[in-house]
Amino acid sequence: MLPATAAALAVLAVLLAWPVPALLARAGWTRRDPLVALVCWQAVGLAGGLSMIGALLVHGLAPWGTSVPGAAWALLRGRPAVDPVRGDHWVALTLAGVLAVELVGVLLLSWVRTTRTRRRHRALLELVVRPAVDVPDARLLDHPAPVAFCIPGARPLLVFSSGMVAELDGEQLAAVVAHERAHLREHHHLLLLPFVAWEAALPVLPAAARAHAAVRELVEMRADDVALGSLPGPAPRRTLARAIVAAAGADGGGGVPEGALAVTGGGIRARVVRLLDPPAPLPPPARWAALAAATLLILAPTALLVVPAL
Amino acid sequence: MASLGELERALMDRLWAADAPVPATTLREELADRGVALTTVHTVLTRLEHKGFVVHDDERPRRFRASASRADHSAELMHEVLGNSGDRQAVLARFVGSVSQDEARLLRELLDGADDAGRG
């Protein structure tokens, strides 16, 4: 029979693998406070991985003792099991190991790969484009397609194409710079990394793709919010919305390759709607409730693992 | 003393401007105003070779040329930026993706509608 702890962790793992991400992705409140929503997504991802591996560990280690740390120690020291070890215990332990190695491995691999590609992009940029005198960390790339992006890292770079600069006025350009700087300052690429990695690691899990898409959208909304705070002018919201629409709609005289048009406009529309007609911010009690739920979500599987199995 | 990045750019500018492989000695002469030694030129060329921007012929090991034109490098970068695969998206944070013509029209209508509401 399964101990109650393993069952509880398994239930939690199932909830976090599908219903919880589905609900959070569909929830309307996340647009009112992207930062709190991002914290919740990180908690869902972390707790999901913990409970999935934890459930298998608790079940697989059961013959060696009632607490996971104690039983793992006993197994590693080669002590004999207290109860008879069946095939399903070995299967659970193997699955736990495979899953842990895959999740952590893919995360590391993603990290290494993206870092390498960023370094290559930075090297290319530094070579092809001369830095602007007034904005040393910005590069102007001569290309008709309207593109602005930042390359995160130890030496971040802001990159604008000449097509983008032609499309925007000075205020709009400042809004785009503020938006990209917000990404860099808050290290949004680190918030995205686990979701990119886990989508690659668990392609069978539809929630992984949904979570990735939701986090990507929230990161953009958060950067919009931060950018608004630093923008001068009478109507920063409208300026930023205009910049988004101008950049998304310009085709740069056919300079955009085929595949680039496949981006769905849903996320961009949501950003524009949110800027033009801002939803009321989340009231503090709701904010704290969401943050408490996120904390609890991480503490629950941790406690179940560390506290001796029931 | 010029920075390494500045030297790399200066060398590449000259290699891109030349039609044939350029000897390192010629490159040093062209950079004489910067006061760089031949060893420095070689160091920078080796760095650029490691990064894949510069190649040299096996028959004439002291002559160097750019592996691709400046425009090719820009195009390569843009191709990666404009691509949509998950990996590419993870590498950099793009301001907005491009959308279809219909979607662009919807967005402009959204903006115009808000402008009308603001005036009315």
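For every chain, the first residue of its written sequence is number 1, and the numbers climb from 1 along that sequence. Both sets of labels track the order of writing: A upward for chains, 1 upward for ligands. Note on the predicted model: pLDDT of at least 70 is required for a residue's local features to be given, and 80 or more for side-chain atom pairs to be given and counted; whole-chain, interface and lining totals, by contrast, use all residues.

### Quick look at the overall build of chain B
Applied cut-off: Strands are runs of DSSP state E lasting at least 2 residues, helices are runs of H or I lasting at least 4, and numbering of each runs from the N terminus. Counting other C-beta atoms within 10 Å of a residue's own tells you its class, since 20 or more makes it buried, 12 or fewer makes it exposed, and anything in between is partly exposed; those C-beta atoms are placed from the backbone. With C-beta atoms placed from the backbone, a contact is any residue pair whose C-beta atoms sit within 7 Å.
Scanning chain B from terminus to terminus reveals 6 helices and 4 strands. Mapped from its N terminus to its C terminus, chain B presents α and β elements in the order α-β-α-α-β-β-α-α-β-α. Residues classed as buried in chain B amount to 25% of the 120 residues present. When contacts within chain B are restricted to residue pairs at least 6 apart in sequence, long-range pairs at least 24 apart make up 49% of them.

### Observations concerning the overall build of chain A
A tally of helices and strands in chain A yields 12 helices and 3 strands. Seen through its principal axes, chain A has C-alpha atoms that stretch 75 × 45 × 35 Å.

### Focus on the sheet that holds strand β2 (residues 54–56) of chain B
Here is the rule: A pair of strands is labelled paired if DSSP reports no fewer than 2 bridges between them.
Across the sheet, which stays open at both edges, the 3 strands sit in the order β1-β3-β2 (chain B) with antiparallel pairing between neighbours. The strands lining the two open edges of the sheet, one partner per strand, are β1 (22–23) and β2 of chain B.

### What to know about the interface of chain A and chain B
Interface extent is often summarised as the accessible area lost during association of the parts. Taken residue by residue, the interface counts 54 residues in chain A and 37 residues in chain B. Elements supplying a minimum of two residues to the side of chain A that touches chain B: α5 (87–128), β2 (148–151), α7 (170–185), α8 (188–201), α10 (236–249) and α11 (266–276) of chain A. No other element matches α5(A), which puts 12 residues into the side of chain A that touches chain B. Relative to strand β4 (residues 93–94) of chain B, β2(A) runs antiparallel, the two sharing 2 bridges. Within β4(B), the residue paired with A:Cys150 across the bridge is B:Ala93.

### Some remarks on the nonpolar core
Defined as follows: Put simply, a nonpolar core is buried Ala, Val, Leu, Ile, Met, Phe, Trp, Tyr and Cys residues tied into one set by C-beta atoms within 7 Å.
Counting 109 residues, the largest nonpolar core has A:Ala148, A:Phe149, A:Val215, A:Ile244 and A:Ala247 as the members making the most contacts within it. Residue contributions to this core peak at 16 residues, all from helix α3 (residues 34–61) of chain A. Setting aside anything within four residues of it in sequence, one finds A:Ala247 in contact with A:Pro146, A:Ala148, A:Met164, A:Glu167, B:Phe95 and B:Val96.

### Digging into the packing of α3(A) against helix α12 (residues 284–306) of chain A
Residue and element names in this part refer to chain A. As a reminder, the rule being used: A fitted line through C-alpha atoms serves as each axis, taken over the contacting stretch for helices, and the angle formed by two N-to-C directions is quoted from 0 to 180°. Any angle from 65 to 115 degrees is called roughly perpendicular, while one under 35 is roughly parallel, one over 145 is roughly antiparallel, and all others are oblique. A clockwise turn of the near helix away from the far one marks a right-handed crossing, whereas an anticlockwise turn of less than a right angle marks a left-handed crossing.
Running from N to C, α3 and α12 point in directions that differ by 15°, and their axes come no closer than 9 Å. By the angle class used here, α3 and α12 are roughly parallel. Two packed elements cross with a definite hand, and for α3 against α12 that hand is left-handed. Contact residues: Val36, Val39, Cys40, Ala43, Val44, Leu46, Ala47, Leu50, Ser51 and Gly54 in α3; Arg287, Ala290, Leu291, Ala294, Leu297, Ile298, Pro301, Thr302, Leu304 and Leu305 in α12.

### Things to note about unusual backbone geometry
For A:His187, which is not glycine, the phi dihedral falls at a positive 50°. Positionally, A:His187 belongs in the loop between α7 and α8.

### Overview of the pairing of strand β3 (residues 157–161) of chain A
All names here are of chain A. β3 sits mainly inside the fold: 5 of its 5 residues count as buried. Of the two faces of β3, both are covered, the one formed by Leu157, Val159 and Ser161 as well as the one formed by Leu158 and Phe160. One ladder, built from 4 bridges, connects strand β1 (residues 138–141) with β3; its direction is parallel. Bridge assignment links Leu140 to a residue of β3, and that residue is Phe160. By the bridge criterion, 4 bridges tie β2 to β3 in an arrangement that is antiparallel. Bridge assignment links Phe149 to a residue of β3, and that residue is Val159. Remark: 5 residues form the turn of the hairpin made by β2 and β3, two consecutive strands paired antiparallel; Gly153 in that turn has positive phi of roughly 140°.

### Examining the environment of A:Ala62
Mapped onto the elements of the fold, A:Ala62 is located in the loop between α3 and α4 (68–76). Sequence-wise, A:Ala62 and A:Arg242 are 180 residues apart; in three dimensions their C-alpha atoms are separated by 60 Å.

### Focus on the confidence of the model for chain B
All names here are of chain B. The condition is simple: The predictor attaches a confidence to each residue, called pLDDT, with possible values from 0 through 100.
For chain B, per-residue confidence averages 80 on the pLDDT scale, and 88% of positions sit at 70 or higher. Within chain B, the lowest mean pLDDT, 61, falls on helix α5 (residues 86–91), and the highest, 89, falls on helix α3 (residues 38–50). Under the prediction, the complex receives an ipTM of 0.77, its pTM being 0.86.

### Quick look at α7(A)
Operational definition: Helix span, expected: 1.5 Å multiplied by one less than the number of residues in the helix.
Taking 1.5 Å of rise per residue, the 16 residues of α7(A) would be expected to cover 22 Å, and the 22 Å separating its terminal C-alpha atoms lies within 8% of that figure. For α7(A), the set of buried residues is A:Gln172, A:Ala174, A:Ala175, A:Val176, A:Val177, A:Ala178, A:His179, A:Glu180, A:Ala182 and A:His183. If you follow the buried residues of α7(A), they end up packed against β2, β3, α8, α9 (206–230) and α10 of chain A together with β4 of chain B. Of the residues one or two after α7(A), A:His187 is the one with positive phi, at around 50°.

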